[in-house]
Each structure stands twice: as structure tokens, then as C-alpha cells.
Amino acid sequence: MPGYLVRSVAPLGAERTDLLLRDGVVVALGRDAASQAGSDDTRIDADGLVALPGLVDLHTHLREPGREDTETVDSGTRAAAAGGFTAVHAMANTAPVADTAGVVEQVWRLGRDAGWADVRPVGAVTIGLAGERLAELGAMATSAAAVRVFSDDGKCVWDPVLMRRALEYTKAFDGVVAQHAQEPRLTVDAQMHEGVVSAEIGLTGWPAVAEEAIIARDVLLAEHVGGRLHVQHLSTAGSVEIIRWAKARGIAVTAEATPHHLLLTDELARTYDPVYKVNPPLRTAEDVAAVRAGLADGTIDVVATDHAPHAVQDKDCEWSAAAFGMTGLETCLAVVQQVMVEENAFTWADVARVLSHTPARIGRVADHGRPIAVGEPANLTLVDPAARRTIDPRVQQTASRNSPFAGRELPGEVRWTFLRGRATIADTVAVPAPSRTGAHA
Amino acid sequence: MRHLLSTTDLDRDSAVALLDTAEAMAQTQSRTIKKLPALRGLTIVNLFFEDSTRTRISFEAAAKRLSADVINFSAKGSSVSKGESLKDTAQTLRAIGADAVVVRHPSSGAPHRLAHAGWIDTPVVNAGDGMHQHPTQALLDAFTLRRHLADGRGDLAGRHVVVVGDVLHSRVARSNVDLLATLGARVTLVAPPTLLPIGVESWRCAVTYDLDAALADDVDAVMMLRVQRERMTSGFFPSEREYARRYGLDGARVDRLADHALVLHPGPMNRGLEISAEAADSPRSTVVEQVANGVSVRMAVLYTLLAGDLAGEGDA
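The written sequence of each chain sets the order in which its residues are numbered from 1. By the order in which they are written, chains take letters starting at A while ligands take numbers starting at 1. Selection of residues for local features in this predicted model requires a pLDDT of at least 70, selection of side-chain atom pairs for listing and counting requires 80 or more, and totals for whole chains, interfaces and linings are taken over all residues.

A. Here's a closer look at the domain arrangement of chain B. Residue and element names in this part refer to chain B. Segment limits for the domains were obtained from an automatic or database-derived domain assignment. If you check the domain split of chain B, you get domain 1 (7-134 + 291-306) and domain 2 (135-288). Measuring from the centre of the C-alpha atoms in domain 1 to the corresponding centre in domain 2 gives 25 Å. It is the C-beta atoms, placed from the backbone, that decide contacts: two residues are in contact if theirs lie within 7 Å. Across the contact, 28 residues belong to domain 1 and 25 residues belong to domain 2. Comment: elements are numbered from the N terminus, with helices defined as DSSP H or I runs of at least four residues and strands as E runs of at least two. Breaking the side of domain 1 that touches domain 2 down by element, the ones donating at least two residues are helix H1 (12-28), strand E4 (124-129) and helix H12 (287-306). Charged residues are taken to be Asp, Glu, Lys and Arg, nonpolar residues to be Ala, Val, Leu, Ile, Met, Phe, Trp, Tyr, Cys and Pro, and polar residues to be all remaining types, Gly included. Broken down by class, the residue content of the side of domain 1 that touches domain 2 amounts to 11 nonpolar, 11 polar and 6 charged.

Shown next, in the form of C-alpha cells:
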């Protein structure tokens, strides 16, 4: 099969070179690439583009099975490809819940069939996300989907005994428990961050302590039983401090931050526009600064989108009636570029670390998050950092429109994404897998 | 002024102008024929998603005395309880020909959404939204205070108003703090710490947990907030008796006030909980007067929003 000769690209923003991609791998670099390229290889003028390893998202909601009106594995992974991702984790809060080997294998197969990105299903920790009994974690781990990340995301594994057992049990198959840290009693009917803005606009508060108390408990549980803990969508300055303390103690904990918690604040709730309603909620400017600092110094390991598509009617209503969540796959890299790279806190190598290498390592995703080197899988994305786009949800690949960045200008544009050498995004255009085009013909 | 969603929408001059208009409206209400032709031919919809007989009939009386047609839409037992969205309800009312919507909703910000989401293009009056705002209540309270403390003119500069009770859940408290501060009054909030919102320190007022200390500080008016009995079962305070002892306005506390000081309550009162019968029925109590003033203030608001172009062309 013919491949791609990528000319004059800057891997991780470093010196420009050529890459030859063929048969799913990087077959040559530098001068060798051009000399080995054949006449039928597609030539890409990548002057000015940065090459990154294909991005890996530890946290998306692809909504299938159950809410195909808002997103499918196909549309969600197409959005992922457009955002530069080659592997995504799909959360378990579908209908039915991904709490059995059958459901996780279904989601995994849907991803494989769609061909946009590798889908790594996340298994529910408890049956039906009910927080009462452990789901068959081992069966999901040994299924074809090879689940390694377990989460009741959307709900907190609140029962400390159950959380302890999950952290212990997953050690048998190198799993990780990804916790949605939210103390339920402290967040009954919670609508937004509890603080100056909530006091003024009269929405029930979601206090920072409700997140921090669970994280503090969980890091101590992880230390006690020696399990692997991943903290999802960390949003407060206090949470950053707790993770920093836990890591200094040598506890096996990792943490993620979302793009929206790196950029947006609770001031946006003053509009009462539910596009800004998300869980955990947008916090204060001080929290945003602390989360950025935590990401910059490595306390926070990864950026994950928490891509949460919702139907129009679930956002086109009054705030308290609206669903929590916002889309993020197609704006994630742009936000990280704006808040980290353009603020000189990150190099492109750091971007590759938090959006590819480390999430792949946490999720035990083989063949992703690899170096850009000869013999490595050709999972790559090429981004134009000089581009500027005004975000318009109507032209995005996701099936939903609830982007909090709509109308905002953000830097950077994903021009090409390669999944095992196949261009899923070719000069910004989504290209269905050959088997899919056949199926649709 | 296009909508009235929050007292923070009002600066000092526009607030005083509204109160002056309300004063003019009040003069007409002592006539035998109370009805004015100002809004003849216009339709005002009272869209109430929450039970509120008092506020609804006050708006209804205000609209009718301005000769507007009034449609009362109560969400209970309607299509709304069958799952119709706020958006669809609003658009239905617009299609019927509403010229203004007066909305009461349990969700904070619902009137703001009606005004700004692009669903409808009529003026929106907030008749109370969740724990956010109840601007006409604050205006009628200010109107009442101004009559007694400032001869019905100008603002409330230098006056001290103490607001007591469940501030956390109260849209009346939020509206009043904003408006009274805008009018130059000094405001002190009094509540148990559990019934004050985190973030209250950014408000334009003082805050204390000690009612007796607040009442000893040159008070011109005490405004008691309604306390819902279910707050006790949610653990905000231990018992009704303890609340009444520490934060209730009783006869002894009223007796310690200066002679001119007023006692306000937005109603409905829990006699024996936040206010004793002696305090509620004392000559300083303006509770009944507040109800009458509510009609004048709401007439002024509807008149200003709907006949704004006519305002200034002679007195109403």
C-alpha cells in the first residue's frame, strides 16, 4: 500500500525533518525518508506543522449504546480524529451501563469498525454505577476489549469499603480505578461552584471541599492497599495541593485536568447559559491558575477532555433543568496550546507528554503514546500552530453542539491525523475507512 | 429599561425614578375610579411555575388598573407538568400575543433565560426566581421605607436596615441588599451561619450572627425573612424554639427599637417562628401596607417597561 512522505515537519516542535509512513509504521526519518519514498507515496508539504504522537484521551463519553441521538462511537471517534486523537477511552455510563464483558466488547468493536480511532472502553466499577457491588472487573479485563481503566464516572465511588476493594482487586490485572471525586451529601442539587458568584446568582453551590475530601480519602486508601488511583477532572486549587502531597509521599496516583477547567471560570454562570454547566463545575480564576500550575509542574499528569455531548433540548432550557457537560474533543489541543504553549509553560514535547505518552501509559494502551521514531506505529497528528480558528459547533464532527468555546477564537488547527498509517484526517478533511465507504455505498 | 430581572439592573437614578412613578401610581389609587388607560390593548401574561397567590394577584391588579388584558398561566396541572419545556411554553404565549411576560420560576435564572435566550422578544418581569431575585418585592420594600423614612422622595441615604433570617435561600434578601445599597442605605444581614451563603462577604452589606447587637445599632427598619419549617429537618438549625429565641423578632426586641423604626415582612409570616404576634401586629409593622404598595410598584414597573416612550408626557 502506498504511504505518506511528510516533508519538513517539526516532530514535537523540534528541528524539521521528513517522515515516511508506510504499512502502519514510521519506516524512515530524515534524509532516508525522501530517498526511500516511492512515486506513489503521497507527499505532504508539512512546512510549519508540528508532528505529535497521536493524542490519547482518558475521558470521553461516546454515548453508545443508549443515546445515539447525541453521539455514536462513529461520530465521537470522528470528532476525536479531527481533534488529533488516535485513541480514546469511552466512559461506562451508557445504557446499558458498560459493566459486563458483553457491553465493553460491543463498544470496542464499534470503535474498530468505525476506524477513526482506537476505542478503549472503560468498565464500570460497580454494577449499574449503583455504588453497591463490584462489577465483573476481571471479566472485562480479560475480554477482547482488554479493559484497564475502571470508573463509575458521573458518580463517585462513595463507599470507602467499596473503593478500597476496587483499588485492591484491580491490582490483579494492572487496572486503574479512575475516580469521579464528588462527595454526594455535600453536593445535593449542586449546580455550580460554591463561592462569590453562586451566592449572588442564587444557584446551589458545589463546594471545592466535596472534591478534595474524596481525593484525600482515596490517595490514603491507595497508599494503604497499594492500588493504582487516577483522579478524574481535578478542578480545584486544593485538589492540586493534595495530589502534590500524595506524590511526594510516593503514592501511586495520577490526575487529569480538562481543557475547560484550564480556561473557563464560574463567572460564565452569570449568563445562566447551561452550555457552561458541567460537573465538576467551572471554578474560580484562582483555581484555574492553580490547575495550570499543577499541569506545568507535573503534579497533574494528563489533560483529558471529558467530552460530554448532549441533545439540544437538554441545554436549551433553564440552568437547573439542563444536563451537565460540554464537548471537548475538537478544541482540546487548541486550549492546551493557548493556555500552556503560548504562555511558555509548555513545549510541544510537554504537550505530547500530557496528551499522548502519559495517558497511554496510565490506560495501558499499546501502540499509542510512542516516540516518533523508525519502526514505531504511525499514530501521528500534524498540527498547524500558526492557524487561528473561531469555534463553530455547527461545523464540528461531533453530533452535538454544546461547545463552551463557541464563538471564541482559539489557536492551532489539526491538519492531518494518522491511525496506523491511514489518514483519518487529510488536510482537515475527515476520510472514512475504506471498509466504511464500501459499507455505505 | 427593557426587562426587570434583577435589582442589580437598576442604578440609583433609575431606581428613584421607578419609585417616583410608583408614588404617582399610588396617588391615583386613592381615587374612586382607580383604572388608568395607559396599557389599553396590551396583553400581559402572568407565567407562574411556582405557587404564589399574593404576588400573582398583585401583578394582576397592577396590570388591570392600567387597563391591560391579563392572562394567568399557572404551571400546575398544565402542559408544563407534562414535560413541556420553558422554551415551548414561552413561545406559545408569544404566539398568543403576549406583550409582556411576568414570570415566577423555581429555577434561578429562568427569567434571565426567557429574556436573553432568543426564544421570545417581549419584556420580561421577574416575579421571583429560585434563590436569585425578586426585584418588585425589593422595590415595594424600598417604596415603603421611603414613605416612612424619607417623605416619599429621593433615596434612602444614611438609613440603616437590618435584614434577618434565611438569607441563603432568599431571593428577597438578595434583591433588597442590592437595591438598598444602591439607594444609599446601610444594610446589615443577621442570620445563623448555616443560613448565610458562602461568598456573602462580597455583598454590599455588613453581616452578623447576633440579632441583639444588630438591633442596638441605630436601626431605622427591621426586615424579617420567612423561614421555612423544613429547613429545621435539613439541619440548618436545631429547633424552631431555638431559632425563635436567637433570631425571632419578639415584643421585647421591638420595644428596644427607636420610636420611628419600622418592622417589615414580605409575607406570608410564620407567627411564632421568625416573628411574634406582638411584633407582627405592632403599630410599626408595615406588613399590610407593603401589600398595597406592591400594587403601586408593579404598576410603575409595567408602565415603565410597556409605556416607556410615553413616560414623561405628563403625569399618569
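B. Seen up close, the domain arrangement of chain A. All names here are of chain A. Partitioning chain A into structural domains gives domain 1 (4-51 + 375-395 + 404-440) and domain 2 (54-363). If you average the C-alpha positions of domain 1 and of domain 2, the two centres end up 27 Å apart. Every contact between the two is made by 23 residues of domain 1 and, on the other side, 28 residues of domain 2. The biggest single contributor to the side of domain 1 that touches domain 2 is strand E17 (residues 409-419), with 6 residues. Class assignment of the residues belonging to the side of domain 1 that touches domain 2 gives a composition of 15 nonpolar, 7 polar and 1 charged.

C. Quick peek at the sheet that holds E4 of chain B. All names here are of chain B. Paired strands, as defined in this entry, are two strands with at least two bridges between them according to DSSP. Taken in spatial order, the 4 strands line up as E2-E1-E3-E4 in an open sheet, and their pairing is parallel. The strands lining the two open edges of the sheet, one partner per strand, are strand E2 (69-74) and E4. Going across the sheet, the axis of each strand differs from the next one's by a mean of 15°, ignoring polarity. With 5 bridges connecting them, strand E1 (residues 43-48) and strand E3 (residues 100-105) associate as parallel partners. Note that in E3 the partner of Val45 across the bridge is Val101. Here an axis means a line fitted to C-alpha atoms, over the contact stretch when the element is a helix, while the angle between two N-to-C directions is reported on a 0 to 180 degree scale.

D. View of helix H5 (residues 160-169) of chain A. Among the residues of H5 of chain A, those classed as buried are Met163, Arg165, Ala166 and Leu167 of chain A. In this structure, the buried side of H5 of chain A is in contact with strand E9 (149-150), strand E10 (176-179), helix H7 (208-225) and strand E13 (229-231) of chain A. Any residue with 12 or fewer other C-beta atoms within 10 Å of its own C-beta is exposed, any with 20 or more is buried, and the rest are partly exposed; the C-beta atoms used are placed from the backbone.

E. Main features of the confidence of the model for chain B. Residues and elements named next belong to chain B. In the predicted model, chain B carries a mean pLDDT of 93, and 95% of its residues have values of at least 70. Note on scores: pLDDT gives the predictor's confidence for each residue, bounded by 0 and 100. Counting contacts from residues 310-316, a segment whose pLDDT is below 50, to residues more than four positions away or on other chains yields 8 contacts. Reported for the predicted complex are a pTM of 0.95 and an ipTM of 0.92.

F. Up close: the nonpolar core. Residues and elements named next belong to chain B. Formed by 236 residues in total, the largest nonpolar core has its most connected members in Val101, Val164, Val222 and Leu302. Of all the elements, H12 adds the most residues to this core, at 9 residues. Excluding its chain neighbours within four sequence positions, the residues that come into contact with Val222 are Val162, Val164, Leu215, Leu249, Ala261 and Val263. Here, a nonpolar core denotes buried Ala, Val, Leu, Ile, Met, Phe, Trp, Tyr and Cys residues that are linked to one another through C-beta atoms within 7 Å.

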